[in-house]
Amino acid sequence: FDPSKDVSTSTQVKTSVQRGLRAQISEAHPSITEDQLDALIPKKHPLVQYKVGPHMMLYCRRIEHEDASPSDEPIFFQHRDGPILPTLRVVHKYPTLKFTSVTVDKGAIPFLLGGANVMCPGLTKNPGSEMPPDGVEQDENGFDKPGLSKGDGVVIYAEGKEHAIAVGVMAMSSADIRSQNKG
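Structural notes, computed from the coordinates. (Residues numbered from 1 in each chain as written. Predicted model: local features only at pLDDT ≥ 70, side-chain atom pairs only at ≥ 80, totals over all residues. Heavy atoms only, no water.)

Here we look at the overall build of the protein chain
Put simply, the test is: Numbered from the N terminus, helices here are DSSP runs of H or I no shorter than four residues, and strands are runs of E no shorter than two. Throughout, a residue-residue contact means that at least one pair of heavy atoms, one from each residue, lies within 4.5 Å. The method behind every accessible area is Shrake-Rupley, applied with a 1.4 Å probe, and residues are considered shielded solely by the protein chains displayed. In summary, the charge assignment counts Lys and Arg as positive and Asp and Glu as negative, without counting His or the chain termini. A charge is said to be at NZ when it belongs to Lys, at CZ for Arg, at CG for Asp and at CD for Glu.
Summing up its helical and strand segments, the protein chain has 7 helices and 8 strands in all. Along the three orthogonal principal directions, the C-alpha set of the protein chain runs to about 55 × 40 × 30 Å. Look at the contacts in the protein chain between residues 6 or more apart in sequence, and 50% of them connect residues 24 or more apart. A total of about 11,300 Å² of accessible surface is found on the protein chain, and carbon and sulfur atoms cover 52% of it. Both charge centroids of the protein chain, one from 20 positive and one from 23 negative side chains, sit 4 Å from each other.

What follows is the structure in structure tokens.
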């Protein structure tokens, strides 16, 4: 990644767009309170959007320094029209924020750190792995909703580890993962 070549534009986000981002984040991560969201994305301070490559948007908050020029801290990113995801640095910096998360078993750790995708058995082995339960809510037809839907953004934790190891997007719903347990 070379910012001088890969970043094509940077613009300050309008307040209305910033409100929309906040709404999307609170809908995707319902356990984050309004006060926590205010600390992460202050309403009065500018949010800067960088276009990285052809399909990635990086959202940064401006950090003012007394003895130096201001800098931008990446807090969220979005690939194409996917979910808005927190950067791993934000997840580590604010461990009390409860982003929607999954936990993989110990056997998956070396593969994930090597760049592999999370496979179903890494999320379904007991004990160790963990996903939100299915069937807590029901849709308009009375059918159980999965705990996580396909396309939901998640923070990935590993069994026995304190900090998150990745952020990603669900390629299958949690109900499908539990029923198929392959892939």
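Concerning the sheet that holds strand β6 (residues 101-104)
Here is the rule: Should DSSP find at least two bridges between two strands, the strands are taken to pair. Angles shown run from 0 to 180 degrees and are taken between the N-to-C directions of axes, each axis being a line fitted to C-alpha atoms and, for helices, limited to the stretch in contact.
Here 3 strands make up an open sheet; going across it, the order is β6-β7-β8 and the pairing mixed. The sheet is open, and its two edges are formed by β6 and β8 (166-169), each paired on a single side. Looking at each pair of strands side by side, their axes are set apart by 35° on average, direction ignored. By the bridge criterion, 4 bridges tie strand β7 (residues 153-158) to β8 in an arrangement that is antiparallel. Looking across to β8, one finds that Gly 153 is bridged to Val 169.

A closer look at the sheet that holds strand β3 (residues 56-63)
Sheet strands line up and pair through hydrogen bonds in the backbone, either parallel or antiparallel. Ordered in space as β1-β2-β3-β4-β5, the 5 strands form an open sheet in which the pairing is antiparallel. At either margin of the open sheet sits one strand with a lone partner, and together these are β1 (7-12) and β5 (85-86). Summarising the sheet, strand β2 (residues 47-52) and β3 pair through 6 bridges and their orientation is antiparallel. Considered in β3, the bridge of Leu 47 is made with Arg 61.

Section: the pattern of salt bridges
The following threshold applies: We define a salt bridge as a contact between a side-chain nitrogen of Lys or Arg and a carboxyl oxygen of Asp or Glu at a distance within 4 Å. Only protein chains enter the accessibility calculation, which uses a 1.4 Å probe. A residue is then buried if its area is under 20% of the maximum for its type, exposed if over 50%, and partly exposed in between.
A full pass over the atoms with the stated rule returns 7 salt bridges. Note that Glu 34 and Arg 22 form a salt bridge whose closest N and O atoms lie 2.8 Å from each other. Placement of Glu 34 in helix α3 (residues 34-40) and of Arg 22 in helix α2 (residues 15-28) is noted, with a sequence separation of 12 residues between them. The closest approach of N and O atoms between Lys 93 and Glu 73, which form a salt bridge, is 2.9 Å. Taken together, the positions of Lys 93 in helix α4 (residues 88-93) and Glu 73 in strand β4 (residues 71-79) put the pair 20 residues apart, joining distant regions of the chain. For Lys 93, a relative accessible area of 46% translates into the label partly exposed. Within the structure, one salt-bridge network assembled from shared partners comprises Arg 22, Glu 34 and Asp 38.

Focus: the pairing of β7
The element β7 is largely enclosed, with a buried count of 6 among its 6 residues. In the sheet, β6 pairs with β7 via 4 bridges, with the strands oriented parallel. Counterpart to Val 104 in the pairing with β7 is Ala 158.

Brief notes about unusual backbone geometry
Positive phi outside glycine occurs at Arg 80, with the angle close to 50°. With respect to the secondary-structure elements, Arg 80 resides in the loop between β4 and β5. A relative accessible area of 52% places Arg 80 in the exposed class.

Spatial relationships are all this shows, so hold off on functional conclusions.
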